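Structure at a glance
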Amino acid sequence: MTEPRYDVVAIGNAIVDVLSPATDGFVAENGMTKGAMALMFSPEEADALYAKMGPGQEVSGGSAANTIAGMAALGSECAFIGQVADDQLGEVFAHDIHAAGIRFDVSARAGQPTTGRCLIFVTPDGQRTMNTFLGASHYLPAESIDARLIEDARYLYLEGYLWDPEEPRAAMRAAIDIARKAGRKVAFTLSAEFVIDRHRAAFQELIDQGLIDVLFANEAEIVFLTQAADVDSAIAAVSGKVPLVVVTLSERGALAQAGTERVTVPAQPIEAVVDTTGAGDLFAAGFLHGQARGQTLEQSLTLGAVCAAEVISHFGARPIADLKELARQAL
């Protein structure tokens with residue numbers, strides 16, 4: 001194998017987040033489940049909820065895009081594959097990802113639907129309640145997959161959220177085949193329990209076939225995937241089939257299981273949790289950056305904890321502090 005040019009190429013939803021503070025009462029009155037993510041299936045539904053929001057902040061988002069934005073901030077070479085529409089939010093997303101130094105070549109899609117957006121209500125305790133209209137992001141065609149780009153990346157990183165629609169699912173399956181044939185590693189994030197509920201059999205098939213090298217999940221997700229009694233049993237159920245299993249444990253930190261080796265690190269201390277949006281995404285960024293640079297599991301987990309702590313200390317799912325300096329201090 002030749003030395004790859006990129007540390008990671010990610011495939012995921014191209015979404016612009018709109019964040020606004022909200023009370024617990026507002027969340028309940030509008031039929032939302034606090035701390036959860038719900039899908040909106042029409043632009044009209046998204047417009048109606050948007051009209052109820054207070055002053056908001058627009059920040060490019062999307063789970064995998066957040067992860068590679070964090071990796072780029074740490075110094076990784078990254079590329080992104082995702083679909084936006086030819087509209088204002090699509091321009092916002094493309095500008096932000098290019099400004100982060102990330103390669104993004106997929107052409108904007110003409111016509112409806114619009115670029116995806118996620119309306120995020122942040123309560124005083126920092127919990128985020130998300131309402132997502134996926135829009136154009138769910139029309140990512142298989143021809144958007146650049147085989148040479150995937151072959152030139154150390155990791156292919158896939159977002160579970162994008163497994164729902166047929167077109168992107170076919171694109172990701174094609175990308176997995178390309179990465180495996182090129183001898184590259186495939187990392188996969190389970191994303192959410194409702195995604196697992198719809199695609200448990202497909203995700204288990206990927207695992208059983210040995211197509212996943214690194215699996216990211218939080219403790220609830222991995223238990224839900226395996227339907228095990230607890231997180232230890234869940235990890236045991238997949239660790240023989242996935243070389244590296246990484247599980248976040250909320251305020252208790254995170255762990256990585258590689259074969260029989262398990263490493264656990266605590267969460268990084270912060271003054272206050274402002275907004276938990278993107279915590280898992282940025283944790284994955286720190287961990288993958290460490291692994292791409294040949295660091296130990298403990299060092300990679302620590303980097304993940306540092307990045308997660310940074311992003312939950314402010315609004316938005318993209319880092320604003322100097323992650324390189326924070327990483328230097330932590331390691």
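For the structure, see preceding data.
Quick look at the structure, then.

Quick notes on the rules
Residues numbered from 1 in each chain as written. Predicted model: local features only at pLDDT ≥ 70, side-chain atom pairs only at ≥ 80, totals over all residues. Heavy atoms only, no water. Helix = DSSP H or I, 4+ residues; strand = E, 2+ residues; numbered from the N terminus. Contact = heavy atoms within 4.5 Å. Pairing = 2+ DSSP bridges. Axes fitted to C-alpha atoms, helices over the stretch in contact; angles between N-to-C directions. Left-handed = near helix turned anticlockwise from the far one by under 90°. Nonpolar A, V, L, I, M, F, W, Y, C, P; charged D, E, K, R; others polar. Phe/Tyr/Trp six-rings, centres within 6.5 Å; stacked < 30°, edge-to-face > 60°. Buried < 20%, exposed > 50% of the residue type's maximum accessible area, 1.4 Å probe, protein only. Expected span 1.5 Å × (residues − 1).

**What about the environment of leucine 331?**
Following the sequence through the fold, leucine 331 ends up in the segment after α12 (323-330). On a C-alpha basis, the gap between leucine 331 and serine 300 in space is 9.6 Å, while along the polypeptide they are 31 residues apart. The contact partners of leucine 331, leaving out residues within four places of it in the chain, are Gln295, Gln299, Thr302 and Leu303.

**Some details on the sheet that holds strand β5 (residues 78-81)**
Strands sit in the order β6-β5-β1-β9-β10-β11-β12-β13-β14 across an open sheet of nine strands; the sheet is mixed. Each of the sheet's edge strands pairs with one partner strand only, and the pair in question is β6 (103-104) and β14 (261-265). Across five bridges, strand β11 (residues 214-218) lies against strand β12 (residues 244-248) in parallel orientation. Across the sheet, the residue bridging to leucine 215 is valine 245, located in β12. Each of β11 and β12 is contacted by helix α8 (residues 219-226), which is oriented at about 110° to β11, the strand it contacts most. The strands touched by helix α9 (residues 231-239) within the sheet are β12, β13 (254-258) and β14, with β12 carrying the most contacts at an inclination of about 155°.

**Describing the sheet that holds strand β3 (residues 37-40)**
Strand order across the open sheet formed by five strands is β3-β8-β7-β2-β4, with mixed pairing between neighbours. Edge positions in the open sheet fall to β3 and β4 (57-61), since each of these has one partner strand only. Strand-to-strand twist across the sheet, computed as the mean angle between neighbouring axes with direction ignored, equals 25°. Sheet topology note: the strand β7 (residues 116-122)/strand β8 (residues 128-133) ladder contains six bridges and is antiparallel. Bridge pairing in β8 places isoleucine 120 opposite methionine 130. Contacts from helix α2 (residues 43-52) reach β2 (15-21), β3, β4, β7 and β8 within the one sheet, and its direction differs from that of β7 by about 30°. Lying on the sheet, helix α4 (residues 88-99) is in contact with β2, β4 and β7; it crosses β4 at an angle near 65°.

**Re the side chain of threonine 132**
With respect to the helices and strands, the residue threonine 132 is situated in strand β8. The residues touching threonine 132, leaving out its near neighbours within four places in the chain, are Ile15, Met37, Ala38, Leu39, Met40, Arg117 and Cys118.

**Some details on the packing of helix α10 (residues 279-292) against helix α11 (residues 297-311)**
A packed helix pair is summarised by two numbers, namely the angle formed by the two axes and the spacing between the axes. It is at 7 Å that the axes of α10 and α11 come closest, and there the two elements cross at 150°. Note on packing geometry: the crossing formed by α10 with α11 is right-handed. Of the residues in α11, those in contact with Ala279, Leu282, Phe283, Gly286, Phe287, His289, Gly290 and Gln291 of α10 are Leu297, Ser300, Leu301, Leu303, Gly304, Ala305, Cys307, Ala308 and Val311. Partitioning the contact of α10 with α11 into residue classes produces 11 nonpolar, six polar and no charged.

**Focus: the packing of aromatic side chains**
Aromatic ring pairs: the centre-centre distance and the angle between the two ring planes describe each pair. Under the criterion given, the structure shown has 11 aromatic pairs. Ring geometry for phenylalanine 26 versus phenylalanine 121: centroids 5.2 Å apart, planes at 40°, classification tilted. A residue pair is termed long-range when its members are at least 10 positions apart, and phenylalanine 26 in helix α1 (residues 24-29) and phenylalanine 121 in strand β7 qualify at 95 residues. Under the relative-accessibility criterion, phenylalanine 121 is labelled buried at 1%. The interplanar angle of 45° and the centroid separation of 5.9 Å between the aromatic rings of phenylalanine 80 and phenylalanine 104 together place this pair among those described as tilted. Residue phenylalanine 80 is located in strand β5, and its partner phenylalanine 104 is located in strand β6; the two are separated by 24 residues in the primary sequence. Taking the relative accessible area as the measure of exposure, phenylalanine 104 reaches 6% and is therefore buried. Aromatic ring contacts, followed pair by pair, group Tyr157, Phe216, Phe283 and Phe287 into a single cluster.

**Describing α11**
The terminal C-alpha atoms of α11 lie 21 Å apart, and with 15 residues this matches the ideal 21 Å at 1.5 Å per residue to within 8%. Among the 15 residues in α11, 13 count as buried, and that is most of the element.

**Focus on the packing of helix α7 (residues 193-208) against α8**
Interaxial distance between α7 and α8 falls to 9 Å at its minimum, and their mutual angle equals 65°. α8 is crossed by α7, and the crossing has right-handed handedness. Within the contact between the two elements, α7 uses Glu193, Ile196, Asp197, Arg200, Phe203, Gln204 and Ile207 and α8 uses Ala220, Glu221, Phe224, Leu225 and Thr226. A class-by-class count of the residues in the contact of α7 with α8 yields six nonpolar, two polar and four charged.

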